[in-house]
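Listed below are the residues making up each chain.
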Amino acid sequence: MIRKLSNADFKTLMDFVRKEKEWNIFIIGDILSFGFDSPVVEVWGEFDIVSGNLKAVLLRYRRDLIFYSDSDSWDIDSFCNIILTTRCKVFSGKKDAVMPFLKALNVLNKREQLFMKLDSSVDKNKLELSQEEFEKVRVINKDNLEENLDKLELIVYLYQSIEEFLNPSTFEQLRQDVLMGRSRIYYIEEDGMVVSSARTGAEIADMAMVLSVCTMHEYRSRGYATMCMKRLCSDLIKEGKSLCLFCDNPKAANIYRKIGFQQIGTWVTLGL
């Protein structure tokens, strides 16, 4: 049985998705930030007819869909009908859960990415920066956002210059995420421009996603992205948070491994 979830289902949903919390960081973060009644979020759940236990979840955040199940079977036809009614353009999740939809949906493209995790047990020496490097990396968070709106504009410009970023965040999306405490941005500025950056997303009490790691083409091979990453990771590890990220760039993956990230699986995104 599939039905839309509500506030009454909060504990049931959280117990279910936190069994593999890293894979479900977006689902957890979106529910904690927006709840069940926001126009930007909808959640559907399939319950086992016999046990009554939750077995699969589909979440819509704006025009994106995320699916999760810890079962090897679910009502794929009914979920496909829901997916079609949302008119969303992106459907993603853990590879084992998403791949069965490949033949059931009209898929325009498929993207696979390494899903990597860094936890609080990482060797702290891997995150060390010199004093000069530490001071070179600046941070925008909810406490200093208003005084750094001009820097935020430069960061958006940086994102727009990166060919690999197909749908870069807008100024308003970034401002809202930082204001809500869902994101903080680490960046390096040179020659009046923001030339490198890394940020968190879906940040909650015990974990966060690392997003938008990039360097302007002319400033690459200087270690800037690594510096941003190390300060970001160091700050959040001190707060007891585990970190996850997506990666499909072998060179970047090697950098992340040197910092201490390990692959825990594959994330698949389908374009609809």
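Residues numbered from 1 in each chain as written. Predicted model: local features only at pLDDT ≥ 70, side-chain atom pairs only at ≥ 80, totals over all residues. Heavy atoms only, no water.

- An unreviewed UniProt entry annotates the protein as GCN5-related N-acetyltransferase of Caldicellulosiruptor saccharolyticus.

**Points about the overall build of the protein**
Moving on, step 1. Per the secondary structure count, the protein includes nine helices and 12 strands.
Moving on, step 2. In terms of overall size, the protein behaves like a compact globule, its C-alpha atoms giving a radius of gyration of 19 Å where 272 residues would be expected to give roughly 19 Å.
Moving on, step 3. With the C-alpha coordinates of the protein rotated into their principal frame, the extents come out at 60 × 35 × 35 Å.
Moving on, step 4. Per-residue burial over the protein gives 50% buried out of 272 residues.
Moving on, step 5. Taking the contacts inside the protein whose residues are at least 6 apart along the sequence as the reference set, 68% of them involve residues at least 24 apart. (Helix = DSSP H or I, 4+ residues; strand = E, 2+ residues; numbered from the N terminus. Rg over C-alpha atoms; globule rule 2.2 N^0.38 Å. Buried < 20%, exposed > 50% of the residue type's maximum accessible area, 1.4 Å probe, protein only. Contact = heavy atoms within 4.5 Å.)

**Thoughts on the pairing of strand S9 (residues 193-201)**
Moving on, step 1. Of all the nine residues making up S9, eight are buried; the element is thus mostly covered by neighbouring parts of the structure.
Moving on, step 2. As defined by bridge partners, strand S8 (residues 185-190) adjoins S9 across six bridges and the pair is classed as antiparallel. Bridge pairing in S9 links Tyr186 to Ala198.
Moving on, step 3. Following S8, the chain reverses through two residues before pairing antiparallel with S9; Asp191 in that reversal takes a positive phi of roughly 55°.
Moving on, step 4. Here S9 pairs with strand S10 (residues 207-215) via five bridges, running antiparallel. Across the sheet, Arg199 pairs through a bridge with Leu211, a residue of S10. (Pairing = 2+ DSSP bridges.)

**Description of the environment of Asp15**
Moving on, step 1. Structurally, the position occupied by Asp15 is in helix H1 (residues 10-17).
Moving on, step 2. Look at Asp15 and you get partly exposed, because its relative accessible area is 43%.
Moving on, step 3. C-alpha separation for the pair Asp15 and Gln131, spaced 116 residues apart in sequence, amounts to 42 Å.
Moving on, step 4. Engagement of the side chain of Asp15 in a polar contact is seen with the side chain of Lys11, the distance being 2.7 Å. (Polar contact = N/O pair within 3.5 Å; in protein donor to acceptor, adjacent residues only side chain to side chain.)

**Describing the UniProt feature "domain: N-acetyltransferase" (unreviewed entry) in the protein**
Moving on, step 1. The positions that UniProt labels "domain: N-acetyltransferase" (unreviewed entry) are, in the present scheme, residues 140-272.
Moving on, step 2. A helix fraction of 35% and a strand fraction of 31% characterise residues 140-272, whose end C-alpha atoms lie 34 Å from each other. (UniProt positions renumbered as here; feature names shortened; annotations may be inferred.)

**Quick notes on the pattern of salt bridges**
Moving on, step 1. Under the counting rule described, the total for this entry stands at 23 salt bridges.
Moving on, step 2. Close ionic contact of Glu172 with Arg175 constitutes a salt bridge, the shortest N to O distance being 2.9 Å. Of this pair, Glu172 and Arg175 both sit in helix H7 (residues 171-179), three residues apart, which is roughly one turn of the helix.
Moving on, step 3. The structure contains a network of salt bridges with shared partners spanning Arg184, Glu203, Glu239 and Lys241. (Salt bridge = Lys/Arg side-chain N within 4 Å of Asp/Glu carboxyl O.)

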